[in-house]
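# Inside the fold
The primary structure of each chain is shown beneath.
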Amino acid sequence: MSSPTLSVAFFLFFLLLLLISSSTLPVASMDCNKGDREALLKIKEGLGNPPQLSTWIPATNCCAWDNLYCDDAGRVYNVYIYNADVTAALPVAFGDLSAIQSLSLQDMPGLTGPIPRSFAKLSHLYLLSISNTSISGPVPDFLTSTNLSALTLPTNKLSGPIPPALSRLPYLRYVDLSHNMLSGPIPPGLLHGEYQFLILSNNRLTGAIPSSYGQGDVNTIDLGHNRLTGYPSFLFDRTRPTVKLDLSWNELAFDITKAALPWHLEYLDLSHNRIRGGVPKSLKDLYKLLVLNLTYNELCGEIPTGRAMAYHGAECYLHNKCLCGTPLPPCR
């Protein structure tokens, strides 16, 4: 596992740890909120009563059920359901868990339908994670009525544009909408606060990358496998805190020769574009760079040598116009 992947995992783990530590774990003798129990039973029924939710039994304390946490007032604030064998639409009743702060639904290919409008009632929700399901429809703009800090909806069947209204979420700093069928431009200003992640790879996004993502504390920008165009010069700045930058498999066309790459980069993939010019000399100072991929572009000229360049083999530069010099064959 590469360091950028670890940083993503650490961020999500940090959010969950913060969520759990901010609430007292359930007391066995305390019954849960009646409305929460009714909502959970509707959710179980809506999902077809999967065996993973066998502890969700009427007339019992829902704070003792699996796949959830309660706070010290008996309110359900965290629900997580993984690998459940379901064939059902995403239940509307999730919107009745009025105290919920974290909802995570993962690895349920039989989960279908759009994100229900009832989710607009979840004003305390700051982590919404739905991945590897068959939910479809748009990314809803009514999520602006939540308190989201992290929105992760990867590997689903979502389509349509990314709603610009999401930029109004003041604490949103982690967005992962990768591996869907989203189209249209990337809205500016989606991210706020510290330690920001923008992961929109494997969609059908078009247009230029907004300059707002060259500002702030952006750790990861992963926009690979889209149809993006233009020259995002604002991403190439030595002082940027960016650790991972993946712009591969797009339609970017610009001269990279004088690009000042961020010092903290650990992962750089610009492959499969129409990038021209020479390999930037700023690569020589990137001693943390573990992954470099400049293949399938229109680069030409002698590859810089010295310092950190020794860590990158020929496989980093293949299928360009006329690159030469170590680690490729000598220039003529």
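Residues numbered from 1 in each chain as written. Predicted model: local features only at pLDDT ≥ 70, side-chain atom pairs only at ≥ 80, totals over all residues. Heavy atoms only, no water.

### What to know about the state of the cysteines
Working definition: the covalent bond between the sulfur atoms of two cysteines is a disulfide. In plain terms, the rule: Count a disulfide wherever a pair of cysteine sulfur atoms falls within 2.5 Å. Note on conventions: DSSP H or I runs of at least 4 residues are helices, E runs of at least 2 residues are strands, and numbering of each starts at the N terminus. Buried, partly exposed and exposed residues are distinguished by accessible area as a fraction of the type maximum, computed with a 1.4 Å probe on protein chains only: under 20%, between the cut-offs, and over 50%, respectively.
A full pass over the atoms with the stated rule returns four disulfides. Disulfide partner of cysteine 32: cysteine 62, at an S-S distance of 2.0 Å. Sign of the S-S torsion, about 130° for the bond between cysteine 32 and cysteine 62, identifies this disulfide as right-handed. Taken together, the positions of cysteine 32 in the loop between α1 (3-21) and α2 (34-46) and cysteine 62 in the loop between α2 and β1 (68-70) put the pair 30 residues apart, joining distant regions of the chain. Residue classification places cysteine 32 among the buried residues on the basis of a relative accessible area of 6%. Here cysteine 63 is linked by a disulfide to cysteine 70, with a sulfur-sulfur distance of 2.2 Å. With the S-S bond torsion at -100°, the cross-link from cysteine 63 to cysteine 70 turns out left-handed. The exposure class of cysteine 70 is buried, given its relative accessible area of 0%. Numbered by position along the chain, the disulfide-linked cysteines of the protein connect as 1-2, 3-4, 5-6, 7-8.

### As for the sheet that holds strand β18 (residues 276-277)
Within a sheet, adjacent strands bond to each other through the backbone by hydrogen bonds, running parallel or antiparallel. Inclusion rule: Two strands make a pair as long as DSSP finds a minimum of two bridges between them.
In space, the three strands of this open sheet follow the order β18-β20-β21, with parallel pairing throughout. Each edge of the open sheet carries a strand with a single partner, namely β18 and β21 (322-324).

### Describing the pattern of salt bridges
As a reminder, the rule being used: Just to be clear on terms, a salt bridge is a Lys or Arg side-chain nitrogen sitting within 4 Å of an Asp or Glu carboxyl oxygen.
Applying the stated rule across the entire model yields six salt bridges. Where arginine 37 meets aspartate 31, a salt bridge forms, and the shortest distance between an N and an O atom there is 2.9 Å. The buried category is assigned to arginine 37, whose relative accessible area is 15%. The salt bridge partner of aspartate 285 is arginine 238, with a shortest N-O separation of 3.3 Å. Note that aspartate 285 is positioned in the loop between β18 and β19 (291-293) and arginine 238 in the loop between β15 (227-229) and β16 (244-246), a separation of 47 residues in sequence. A relative accessible area of 25% places aspartate 285 in the partly exposed class.

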